[in-house]
Amino acid sequence: MSGADELDEAIALANSGRTRPEPPPAPRLKRIRRIEWGENAESAGSAMGPMGEHQDHGRPGEAGGHGGRGTGGERGQHGEHGPHGDKRDGGERGSGGRGGAGSTGPVPPGHPGEGPGRHRNGPPQHTPEAPRGGAHHPAEGSGKADQPGHAQGPGNSARKPPPSWREAVALAASAATALPAETVPLAHALGRTLATPLRALTDLPSFDTSAMDGWAVSGPGPWEPARAADGTERPGVLAGDRSEPPQLADGEAVRIATGARIPPGTSAVLRSEAAQRTGARLRTATPPQPGTDIRPRGQECRKGDELLPAGLTVTPAVLGLAAAAGYDELSAVPRPRAEVLVLGDELLHRGLPRDGRIRDALGPMVEPWLTALGAEVTVTRLLGDDAEALHEAVATTTADVVVTTGGTASGPVDHLQPTLRRLEAQLLVHGVRVRPGHPMLLAALGPATAPRGAGKEPRDSYLVGLPGNPLAALSGLVTLAAPLLRALAGRTEPEARAATLGAEVSGHPRDTRLVPVRYEGSGIRARIRPLRYSGPAMLRGVASCDALAVVPPGGGAPGTDVPVLELPW
């Protein structure tokens, strides 16, 4: 177990309230050498200690720098496979992992995270040497890490570290622009995003209306019921009456329903329960003030007023407001289309875990989570560890976003990175300094196979690679998928929220932690408290949490304010 592995396990144990069992005697580890890749690199690099630290002894050792497919540091509490086969998470291994963020192991220059790739629009990526909007090189690098335009391989000592959590969120948010707006009937606008401000097409209300059932009265009272020309009592005024009601004279009253037009000359509406009728007269113990229970024309808005800004999600309430303001159609940005690809031969999709296989926890969870984030999920595919099936699915996608689960590392059956190299994808984010979930990645795939609608310009599609551990995958969803989908949907950035820690939260020395928390108390005594079962392979904590706390490196003491991410439901 690497030093990063032990640290992750210690953090999870500290927050679960349990004690760590005594470990067996550790075997003596050999020193290994760092291999430098590139034209001028020598095979014998600086020696590395068993935890990946530099050892300047110059002693030869075995070439290494990876822990194999089953040695992920972001594993369950006891190093076993998590509910989604965290053996696929080689990147969640700290310094001993292969291909993950923060890895010190040798990776050839052809690694997909290092070559900028060919990409028409050139969205931002975490490689300062790559030109934005210019010609990009394919993901298969030439090994010339020291030349302009070539990112350096992850095995090189000069490799730029992965972005921080905040930087990764910003990169994902700026990777895409909003999809083209469409004009759709109100019935089809739910879940889309307002492309233009919603302005009132009429006054609301468009005429003076009664706010209550009762009597429309004129003057201070008492009143007599208004009568028609034949001497009979005038019928009441109902909502929806097309003819304008006759004018009331001083001292007259007429029955009126909620929502009905106010007759001219009305000073107030007397509620039914407050009216006392004695013979031919109408009285009340407390005469109403002028304007009581009358909704005047334009009380809510005047024609042309901006009711809502662009960038808001069309909710049922927005549909109601639009209809009341006179709209039959809305100009709205569509929901981004998404596909989910579940990878891993070790996964079972029915029944109990058996025969060394485990239940797929992410397949049933990722699709509704993406839907809650605003995506239109078209399909969830169970691909297993089939390299050709993965390549075909990604190469022929018609979705705006492809989301994969597991396989983000460089193990023998982790086919995602080779697939991105074959497709000459541009890797925008390769690893993030966050726990759990730091092997997550974001890539631009180029134009989708079938653009939306006939005659429309092809648009780039994107791939979000989630780690295989369930909580690590959710970290990838809120870090990369959420801001990317928000950008594609043209939605405004949510207002940042913070909360006060009610208990100490252990931290990683260098990385941000996303911790499931519950709210406690209210007002000035409101606090958030971390939940147990928050290991990378665990879902018990997040299933009962109210939010995710963004804990900075080093942790947080009680009384410290930290940002919180609200869950999308």
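Below or above, wherever it landed, is the structure these notes cover.

Here is what the cut-offs are and how they apply
Residues numbered from 1 in each chain as written. Predicted model: local features only at pLDDT ≥ 70, side-chain atom pairs only at ≥ 80, totals over all residues. Heavy atoms only, no water. Pairing = 2+ DSSP bridges. Helix = DSSP H or I, 4+ residues; strand = E, 2+ residues; numbered from the N terminus. Axes fitted to C-alpha atoms, helices over the stretch in contact; angles between N-to-C directions. Parallel < 35°, antiparallel > 145°, perpendicular 65-115°, else oblique. Left-handed = near helix turned anticlockwise from the far one by under 90°. Contact = heavy atoms within 4.5 Å. Buried < 20%, exposed > 50% of the residue type's maximum accessible area, 1.4 Å probe, protein only.

**Here we look at the pairing of strand β28 (residues 512-520)**
Looking at chain direction, strand β24 (residues 434-435) and β28 are connected through two bridges and run parallel. By the bridge assignment, Arg-435 is partnered in β28 with Arg-513. Pairing of β28 with strand β30 (residues 547-551), which is carried by five bridges, proceeds in the antiparallel orientation. Residue pairing in the sheet places Arg-513 in a bridge with Val-551 of β30.

**Thoughts on the packing of helix α4 (residues 363-372) against helix α7 (residues 470-489)**
Across the interface, α4 lies against α7 with an axial gap of 11 Å and an inter-helix angle of 25°. When the axes of α4 and α7 are compared, the pair comes out roughly parallel. Helix-helix and strand crossings are classified by hand; for α4 and α7 the assignment is right-handed. Here α4 contributes Met-365, Val-366, Trp-369 and Leu-370 to the contact with α7, which in turn contributes Pro-470, Leu-474, Leu-477, Val-478, Ala-481 and Leu-485.

**So, the sheet that holds strand β26 (residues 460-466)**
Note on sheets: strands pair through backbone hydrogen bonds, and any given pair is parallel or antiparallel. Strand order in the open sheet made by the six strands is β21-β18-β22-β26-β25-β23, with mixed pairing throughout. Of all the strands in the sheet, just β21 (376-382) and β23 (426-430) have a single pairing partner and so form its edges. Strand-to-strand twist of the sheet, defined as the mean angle between neighbouring strand axes without regard to direction, takes the value 20°. As paired elements, strand β22 (residues 401-405) and β26 share five bridges and run parallel to each other. Each bridged residue has a counterpart across the sheet, and for Val-402 the counterpart in β26 is Leu-463.

**Some thoughts on the sheet that holds strand β11 (residues 252-256)**
Pairing is mixed across the open sheet formed by four strands, whose spatial order is β10-β11-β9-β12. The open sheet has two free edges, formed respectively by β10 (224-225) and β12 (268-271), since each of these has just one partner strand. Where strand β9 (residues 214-217) meets β12, four bridges bridge the pair, whose relative direction is antiparallel. By the bridge assignment for β12, Gly-214 is matched with Arg-271.

**Side note on unusual backbone geometry**
Note: most residues except glycine have negative phi, and most peptide bonds are trans. Leu-204 connects to Pro-205 through a cis peptide bond whose omega is -10°. Considering the arrangement of structural elements, one finds Pro-205 in the loop between β7 (198-199) and β8 (209-210). Between Arg-435 and the following residue, Pro-436, the backbone shows a cis peptide bond with an omega angle of -5°. As for its placement among the helices and strands, Pro-436 is situated in the loop between β24 and β25 (441-447). Look at Asp-293: it is not a glycine, yet its phi comes out positive at around 55°. Assignment of secondary structure puts Asp-293 in the loop between β14 (281-283) and β15 (294-295). According to the relative accessible area criterion, Asp-293 is buried, its value standing at 16%. In this model, Glu-424 sits at a positive phi of 55°, which is unusual for a non-glycine residue. Positionally, Glu-424 belongs in the loop between α6 (416-422) and β23.

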